[in-house]
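# Examining the three-dimensional arrangement
Take a look at the letters that make up each chain.
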Amino acid sequence: MTGTIAYPPPMVSAEIVKKVQKTDGIVAGRAGGTGLSGMEGAYRDGPRQAIACAPAHLFAILTSVQPGLDDPMFALATPFAPSALAVVRTSGRGSLGLLAAVLRGRPDLERAHGHTLRRAVILDSGEPLDEAVVSVYRAPRSYTGEDGAEITCHGSLPVIRRILSLLARSGFRAAGPGEFTQRAFLNGRMDLTRAEAVNEIVRARTDRARSLAFQRLSGLIQLKIEGVRDDLLGVQAALEACLDYPDEDHGAVVDTGVLDRSAAALEALARTCARGRIYQEGVAVALAGATNSGKSSLFNLLLRQDRAIVSEVHGTTRDWLEAAIDVDGIPVRLFDTAGTRDTGDPLEREGMRRTADVLRGADLVVWLVDARQGLAAADRAAIGEARGRGARLLRAWNKVDLDGTLPCPEGFVPVSALTGEGLERLEAAMAEALLEGTSDAGGGPLLDSERQRDLLERALAALARVRADLARGLPLDVLAVGLRESLDSLGGITGGVTSADVLERVFSSFCVGK
Ligand SMILES: Nc1nc2c(ncn2[C@@H]2O[C@H](COP(=O)(O)OP(=O)(O)O)[C@@H](O)[C@H]2O)c(=O)[nH]1
Ligand SMILES: [Mg+2]
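So, here's what we can say about the structure. Counting from 1, residues in each chain are numbered in the order their sequence is written. As a convention, the first chain written is A and the first ligand written is 1, with the rest following in written order. This being a predicted model, a pLDDT of at least 70 is required before a residue's local features are given, and a value of 80 or more before pairs of side-chain atoms are given or counted; all residues contribute to the totals for chains, interfaces and linings. Excluded from the side-chain calculations are hydrogens and water; all other atoms, namely the structure's heavy atoms, are used.

## A few points about the pattern of salt bridges
Only one rule defines a salt bridge in this text: a Lys or Arg side-chain nitrogen within 4 Å of an Asp or Glu carboxyl oxygen. Under the definition given, this model contains 35 salt bridges. Put simply, Asp357 and Arg360 hold a salt bridge, and the shortest N to O gap is 2.8 Å. Linking Asp357 with Arg360, this pair stays in helix α13 (residues 346-361), spanning 3 residues, or about one helical turn. Buried, partly exposed and exposed residues are distinguished by accessible area as a fraction of the type maximum, computed with a 1.4 Å probe on protein chains only: under 20%, between the cut-offs, and over 50%, respectively. Here Asp357 falls in the partly exposed class, since its relative accessible area comes to 39%. The class of Arg360 is exposed, set by a relative accessible area of 52%. In this text, helices come from DSSP runs of H or I with a minimum length of four residues, and strands from runs of E with a minimum of two, each type numbered from the N-terminal end.

This is the structure:
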């Protein structure tokens, strides 16, 4: 396996080039022809250079040339809030020695075994600051792949504040967002899909989102992508052998079965992205309908909390309300809105104008109809309008607990926002409407990262071109270009082929301390 990192030219200095070459690594310029296939194709957006060599060498080289990639850093890994315990994380070259210098008795942490704990009193200018537990991790068997330690201290604000300030004065630098995980990636501890999954787990809002992120963390996406990539590499190797030895008879060079299978596998994965994003990012659902149809009652029922004012007075809700709920594992931002009716009240009219904005931004509109009133012309018009602009719509027939209600029409979900009757069915229908048109690829991992999906689509487009070119009988070197492009895009998903600015973008959305 090789690690590949492409940097803008100033970062690939002559010094790096020399060191890479010493390790039998490869330095590729834009002109290509250096043997690092396809790098030039992957970076058409400006002159760049790429270097490739064994990952262990690569990071060592980069850190020797560019100090700052493994310098000692620290971050608070738990919230800055009073709590029983707080964890301050450290990592980097020399970090154990620096930490020992602020502990009573200066324990020899640099000789401590990895995965060991010790009790320690933290000293600030000789004065005891707190009693803590220090967990020691030794390179390479640590989260970041570096030496480091976690300080578990008392979760008091003054203690946390003083420890952070002490570390900053003791040779450590405050870590930026995602820097621990970025180091884990650079040190080959995880690929990019897993690194992104770390962030997704931290940010998961429902249990289902957590379990999906956990699947990605265990490397299922990496496995799938690398499986396809290996197959395509086989095709590419056969192609290049033919290009190198054109006089020999190679028979049918390209195995179309492999291309078809690879495309199908990637397409299935790409189709899961819409669903993956719904679980990770969440969706907006708006309750709408005529005044008094029971929107605020349903809002409270879905929330399992008495939030919105419910009243038989028409036009009670004017400002819309928002709350976070979990609908069958989907994180939902639920909106209660002002009901629609003809009114001269300017405040209520403003409420209705704002409702229209909320409805336009919603992923799903739940339209409520009072089962005693039945469908009014205004309901039909609003439902038709929402359909017209392609909004997802679910129609609910509310107040079915009352006597003398009209029969529930086809396509409506019967419910009582007062008694809760039909609530489960309504929630299931909401989830179904939200997931409609998305795929779970038979229970496999769901992609949720926009970055990964873009690259997947690029890989697919290149592969489609290869298949079309093959069918048209175009020469092998044309096929080879498309195949390389596809391989590089797949490499970008796992981080085998990555540029510095991509890394920056991936890790900047992380929490500090992760
Ligand atoms: N019996 C019954 N009354 C309901 C139901 N839903 C709402 N209501 C009543 O209808 C009136 C209007 O409800 P509200 O939730 O404020 O409607 P909104 O104007 O659409 O927000 C209130 O008196 C509620 O108690 C229901 O399912 N059954
Ligand atoms: Mg209301």
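And the narrative resumes.
## Here we look at the side chain of Thr206
Note on placement: Thr206 falls in the loop between α7 (192-203) and α8 (207-217). It only takes one pair of heavy atoms within 4.5 Å for two residues to be counted as in contact. Leave out the neighbours within four places in its chain, and Thr206 touches Asp326, Gly329, Ile330 and Pro331.

## Some remarks on unusual backbone geometry
Omega for the bond connecting Ala139 with Pro140 falls within 30 degrees of zero, at -5°, which places this linkage in the cis form. Counting through the fold element by element, Pro140 comes out in the loop between β7 (127-137) and β8 (148-154). A positive phi angle is found at Asn292, which is not glycine, with a value near 70°. Looking at the secondary structure, you find Asn292 in the loop between β10 (283-289) and α12 (295-303). Residue Asn292 is classed as partly exposed on the basis of its relative accessible area, which comes to 22%. Of note in the backbone geometry, Lys399 takes a positive phi value of approximately 75° without being a glycine. With respect to the element layout, Lys399 can be found in the loop between β14 (392-398) and β15 (412-415).

## Some details on the sheet that holds β10
Here the rule is simple: two strands pair whenever DSSP picks up at least two bridges between them. Spatially, 6 strands are ordered β11-β12-β10-β13-β14-β15 in an open sheet, and the strand pairing comes out mixed. Bordering the open sheet on either side are β11 (321-327) and β15, each of which pairs with just one other strand. Adjacent strand axes in the sheet meet at a mean angle of 30° when their direction is disregarded. Relative to β15, β14 runs parallel, the two being bridged by 4 bridges. If you follow Trp397 over to β15, its bridge partner there is Pro414. What counts as an axis is a line fitted to C-alpha atoms, over the stretch in contact for a helix, and the angles between N-to-C directions run from 0 to 180 degrees. Relative to the sheet, helix α14 (residues 377-388) contacts β13 (364-370) and β14, its axis offset from that of β14 by approximately 155°.

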